[in-house]
Amino acid sequence: MTSASGESAATGQPAATDQPTASDQWRLYEVFVRARRGLSHHHVGSVHAPDAQMALRNARDLYTRREEGVSIWVAAAADITASSPQEKDSFFDPAGDKVYRHPTFYDLPDGVQM
Amino acid sequence: MYGATFGEDQSQTGDEVVDAVGLEHFEALIEQDSRIEPRDWMPLAYRQTMIRQIAQHAHSEIIGMQPEGNFVTRAPSLRRKAILLAKIQDEAGHGQYLYSALETLGMSRDQAMDLLHAGTHKYSSVFNYPALTWADMGAIGWLVDGAAIVNQVALCRTSYGPYARAMVRICKEESFHQRQGYEALVVLSRGTLEQRAMCQDAINRWWWPALMMFGPPDGQSSHTAQSMAWKIKRQTNDELRQKFIDMTVPQAEVIGMSLPDPELRWNAATGHYDHGPIDWDEMYRVVRGDGPCNQQRLAHRNQCHDEGQWVREAANAYAAKHAPRAAEGSAA
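Here goes a summary of the coordinates provided. Since this is a predicted model, take the numbers as computed values, not measurements. Along each chain, numbering runs from 1 in the same order as the chain's sequence is written. Chains carry letters and ligands carry numbers; both start at the beginning, A for chains and 1 for ligands, and go up in the order they are written. Selection of residues for local features in this predicted model requires a pLDDT of at least 70, selection of side-chain atom pairs for listing and counting requires 80 or more, and totals for whole chains, interfaces and linings are taken over all residues. Side-chain measures here rest on the full set of heavy atoms in the structure, leaving out hydrogens and waters.

## Looking at helix α7 (residues 161-189) of chain B
All names here are of chain B. Counted at 1.5 Å a residue, the expected span for α7 with its 29 residues is 42 Å, and the 42 Å between its end C-alpha atoms agrees. Note that the bend at a residue is defined as the angle between axes fitted to the seven residues ending at it and the seven residues starting at it. What counts as a helix is a DSSP run of H or I of at least four residues, what counts as a strand is a run of E of at least two, and both are numbered from the N terminus. The sharpest bend along α7 comes to roughly 35°, located at Glu173. When you tally the buried positions in α7, you get 21 out of 29 residues, the bulk of the element. The span you would expect from a helix comes to 1.5 Å times its residue count less one. Summary of the burial criterion: residues with accessible area below 20% of their type's maximum are buried, those above 50% are exposed, and those between are partly exposed, where the area comes from a 1.4 Å probe applied to protein chains only.

## A short note on the sheet that holds strand β2 (residues 41-49) of chain A
All names here are of chain A. Think of it this way: DSSP has to see at least two bridges between two strands before they count as a pair. What the three strands build is an open sheet, ordered β2-β1-β3; its pairing is antiparallel. The open sheet terminates on both sides in strands that have one partner only, identified here as β2 and β3 (71-76). The mean inter-strand angle of the sheet, taken between neighbouring strand axes irrespective of direction, is 30°. Summarising the sheet, strand β1 (residues 27-34) and β3 pair through six bridges and their orientation is antiparallel. Paired with Arg34 across the two strands is Ser71, which belongs to β3. For this analysis, residues touch if any pair of their heavy atoms sits within 4.5 Å. Inter-axis angles, ranging from 0 to 180 degrees, are taken between N-to-C directions of lines fitted to C-alpha atoms, where helices are fitted over the stretch in contact. On top of the sheet, helix α1 (residues 52-63) reaches β1, β2 and β3; it is set at about 115° to β2, its chief contact.

## A word on the packing of aromatic side chains
Two measures describe an aromatic ring pair: the distance that separates the ring centres and the angle between the ring planes. The rule is short: rings of Phe, Tyr and Trp, with Trp giving its six-membered ring, pair when the centres are within 6.5 Å, and they are stacked under 30 degrees, edge-to-face over 60, tilted in between. Applying the stated criterion to the full structure yields 12 aromatic pairs over all chains. The interplanar angle of 55° and the centroid separation of 6.5 Å between the aromatic rings of Phe32 of chain A and Trp73 of chain A together place this pair among those described as tilted. Of this pair, Phe32 of chain A sits in strand β1 while Trp73 of chain A sits in strand β3; the two residues are 41 residues apart in sequence, bridging distant segments of the chain. Between Phe214 of chain B and Phe244 of chain B, the aromatic rings sit 5.6 Å apart at their centres with planes inclined by 45°, giving tilted as the arrangement. Of this pair, Phe214 of chain B sits in the loop between α8 (193-212) and α9 (224-229) while Phe244 of chain B sits in helix α10 (residues 237-254); the two residues are 30 residues apart in sequence, bridging distant segments of the chain. You can call Phe214 of chain B buried: its relative accessible area is 3%. According to the relative accessible area criterion, Phe244 of chain B is buried, its value standing at 0%. A ring is scored as having a charge over it whenever the NZ atom of a lysine or the CZ atom of an arginine sits within 6 Å of its centre and within 35 degrees of its normal. Directly above the ring of Phe71 of chain B sits Arg74 of chain B, whose terminal nitrogen or CZ lies 4.3 Å from the centroid.

## What about a nonpolar patch on the surface?
Patches were defined on residues exceeding 30% relative accessible area and lacking a salt bridge, with like-charge contacts within 9 Å and nonpolar side-chain contacts (Val, Leu, Ile, Met, Phe, Trp, Tyr) within 5 Å. Each accessible area is a Shrake-Rupley result for a 1.4 Å probe, and residues are judged covered by the shown protein chains and nothing else. Whenever Lys or Arg places a side-chain nitrogen within 4 Å of a carboxyl oxygen from Asp or Glu, that contact is recorded as a salt bridge. Judged by side-chain polarity, Val99, Tyr100, Phe105, Tyr106, Leu108, Val112 and Met114 of chain A come together as a nonpolar surface patch covering roughly 770 Å² of accessible area. On the basis of relative accessibility, which here comes to 85%, the residue Met114 of chain A falls in the exposed class.

## Re the pairing of β1 of chain A
A regular strand places its side chains on the two faces of the sheet in alternate fashion. All names here are of chain A. With eight bridges connecting them, β1 and β2 associate as antiparallel partners. Bridge pairing links Phe32 to His43 in β2. Here β1 folds back onto β2 in antiparallel fashion, the turn holding six residues, of which Gly38 has a positive phi close to 100°.

Rendered as structure tokens:
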């Protein structure tokens, strides 16, 4: 980790240690909010919580203070499988040369309504 | 908004290992005005700069709850009390958004809080000035939040994706912070002679600390050049400070209050307000820890954290008690 040691002679406060504190063991949950009916859930951020139920409550307090949502999902970040940025090019390559999947690929006679 | 830390950890520790392909990709992204995302390779100094800046920003939100928290029971009406509570809750939330962004760089929230509590990490020096009267609640909202918003609007386009996304959300939520403060001063400015004097006094005390929030002048700022090159900062300290002054002077005129700078005047040639010298010795003194409230703010934060320990333990106990039941439920 890149942090300093946490020692501080100037303040006389206890120095930070490597000992985990109670919330250190809390899992990270990613939060998804449905803004209103008819829309899908969108990723809005993350929260820490000791379990999923409390993650939901924390997410409610943190991400819907202004009626931003009608439904929340939380998913443990550790359970999410992500593509790797290193494979970015090879992973997405197969779609790269298939421009015929877009309507703009096709030539149409002038004046036709479609 | 932040997230996307899943997958193998890309954060570097100790000596920097330069990944030539990674560096080329990083520089191309900066050049294209694109965003750096958590799992991209980034130079160690970029990571450290972001950690320092985001941590200081997060801590400022958390420490910034104290001056107002002290006035919740003394707000002059139920309306003002509700507003103050909402603003303080927002500040707690903004701190959390920023700690989440920090975590994507490899520093946990607990680690950052420990460093704050130990006095190793800094927060904005403006919170080391005392809030003495109700008018200070107005002046803090108008001037301190006003200055913060000018800074934060510029940061919505910062090159680190999670930080930029946090800023967008924070800016949306914070515009009411400044308005409620200004509105409180409007009310005082239309009040009795004593109320007007209280209003002017608070403005006089908060004006200079608000200007110092933009940091040292460009010539003395050790981070500005590199941060501009990496597009972490989009405008310099002096540019942002000038923007704030130009916005604020007319707002002071509307409520018939003066700003405590005899040299403040419109310059038609530059299209900006000229201002008098800022006492940078005072700013450095407060940054070093000799402000009026440095010790009090830090001691209070430590006390709150310690007194909240039982809540964290209770949450753990509750989760442990319900874990077997949840496991049964999912097995069924």
